[in-house]
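Survey of secondary and tertiary structure
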Amino acid sequence: MRTEKIRIKYFTEGIEKLAYIDGKSDWIDLRAAETVELKAGDFKLISLGVAMELPAGYEAHVVPRSSTFKNYGILQVNSCGIIDGSYCGDEDLWYMPVYATRDTIVQKNDRICQFRIVENQPKLVFEEAERLGNQNRGGFGSTGKQ
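Since we're looking at a predicted model, the values are computed, not measured. (Residues numbered from 1 in each chain as written. Predicted model: local features only at pLDDT ≥ 70, side-chain atom pairs only at ≥ 80, totals over all residues. Heavy atoms only, no water.)

**Looking at the sheet that holds strand E7 (residues 74–76)**
For sheets, the rule is that strands pair by backbone hydrogen bonds, running either parallel or antiparallel. The three strands lie next to each other as E4-E9-E7, forming an open sheet whose pairing is antiparallel. Both outer strands of the open sheet, strand E4 (43–47) and E7, are each paired with one neighbouring strand and no more. Shown here is a sheet whose adjacent strand axes are inclined to one another by a mean of 40°, direction ignored. (Pairing = 2+ DSSP bridges. Helix = DSSP H or I, 4+ residues; strand = E, 2+ residues; numbered from the N terminus. Axes fitted to C-alpha atoms, helices over the stretch in contact; angles between N-to-C directions.)

**Brief notes about the nonpolar core**
Ranked by internal contacts, the top residues of the largest apolar core, which has 23 residues, are Leu30, Ile46, Ile74, Trp94, Ile112 and Phe115. Of all the elements in the fold, those that place two or more residues in this core are strand E2 (28–31), strand E3 (36–38), strand E5 (50–53), strand E6 (58–64), strand E9 (95–100) and strand E11 (111–119). (Core = buried A, V, L, I, M, F, W, Y, C linked by side-chain atoms within 4.5 Å. Buried < 20%, exposed > 50% of the residue type's maximum accessible area, 1.4 Å probe, protein only.)

**What to know about the environment of Thr104**
Positionally, Thr104 belongs in strand E10 (residues 104–106). For Thr104 and Gln121, which are 17 residues apart along the polypeptide, the C-alpha to C-alpha distance reads 38 Å.

**A look at the layout of surface pockets**
Counted as a void, the largest pocket has a volume near 620 Å³. Taken together, 17 residues line the largest pocket, and the ones lying closest to its centre are Glu4, Tyr20, Asp26, Ile28 and Ile117. At the level of secondary structure, the elements contributing two or more residues to the lining of the largest pocket comprise strand E1 (7–10) and E11. Of the residues that constitute the lining of the largest pocket, the class distribution is 12 nonpolar, one polar and four charged. What the second largest pocket holds in volume is close to 320 Å³. (1 Å grid on protein atoms, 1.4 Å probe; cavity = no way out; pocket = protein on both sides within 12 Å on 5 of 7 lines; lining within 4 Å. Points joined across faces, edges and corners; volume = space filled by probe spheres on them. Nonpolar A, V, L, I, M, F, W, Y, C, P; charged D, E, K, R; others polar.)

**Some details on the pattern of salt bridges**
If you walk through the whole model with that rule in mind, you get eight salt bridges. One salt bridge in this structure joins Glu16 and Arg31, with 3.3 Å as the shortest N-O distance. Of this pair, Glu16 sits in the loop between E1 and E2 while Arg31 sits in strand E2, and the two are 15 residues apart along the sequence. For Glu16, a relative accessible area of 46% translates into the label partly exposed. Close ionic contact of Lys39 with Glu37 constitutes a salt bridge, the shortest N to O distance being 3.6 Å. (Salt bridge = Lys/Arg side-chain N within 4 Å of Asp/Glu carboxyl O.)

**Some words on the environment of Asn136**
Along the polypeptide, Asn136 turns up in the segment after E11. Spatially, the C-alpha atom of Asn136 lies 49 Å from that of Lys9, the residues being 127 residues apart in sequence.

**Structural notes on the packing of aromatic side chains**
The geometry of an aromatic ring pair comes down to the distance between the two centres and the angle between the two planes. The full count for this structure, using the stated rule, is one aromatic pair. A centroid spacing of 5.3 Å and a plane angle of 85° characterise the contact between Trp94 and Phe115, whose relative ring orientation is edge-to-face. Of this pair, Trp94 sits in the loop between strand E8 (81–83) and E9 while Phe115 is found in strand E11, placing the two residues 21 residues apart along the sequence. By relative accessible area, which is 1% here, Trp94 ends up buried. The exposure class assigned to Phe115 is buried, which follows from its relative accessible area of 2%. Just above the ring of Tyr10 sits the side chain of Lys17; from NZ or CZ to the centre is 4.0 Å. (Phe/Tyr/Trp six-rings, centres within 6.5 Å; stacked < 30°, edge-to-face > 60°. Lys NZ or Arg CZ within 6 Å of the ring centre and 35° of its normal.)

This is how it looks when you write it as structure tokens:
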């Protein structure tokens, strides 16, 4: 397995440093860099307290942890956050944009989301065709409920 280096700048004292937990998952938890009180219906960009320089040719995918909705009643509003490799300046702070479905408090240092890096898509060329020549699957949502 190849090892890549990520340069990281921390903006906040009092949050645990990022750590890769080998053998459990290749996702890395991110923490709230501030205590945030939300009322049902509120939108907020929750600071994650970090900026990073990703390896060349990579982007980061940021998603909620599996327990985030259960514990806090918040939804990440863009479903999956994509952080482009060019977002790497000294003030390019990472955030989690959330919508609160109930009144809640996220405490500073709570693990609320996770990320992994993914290689950028290769350059694509689109070739127009009259027919694709493959078997049809039956349309959108055609595989049923069970």
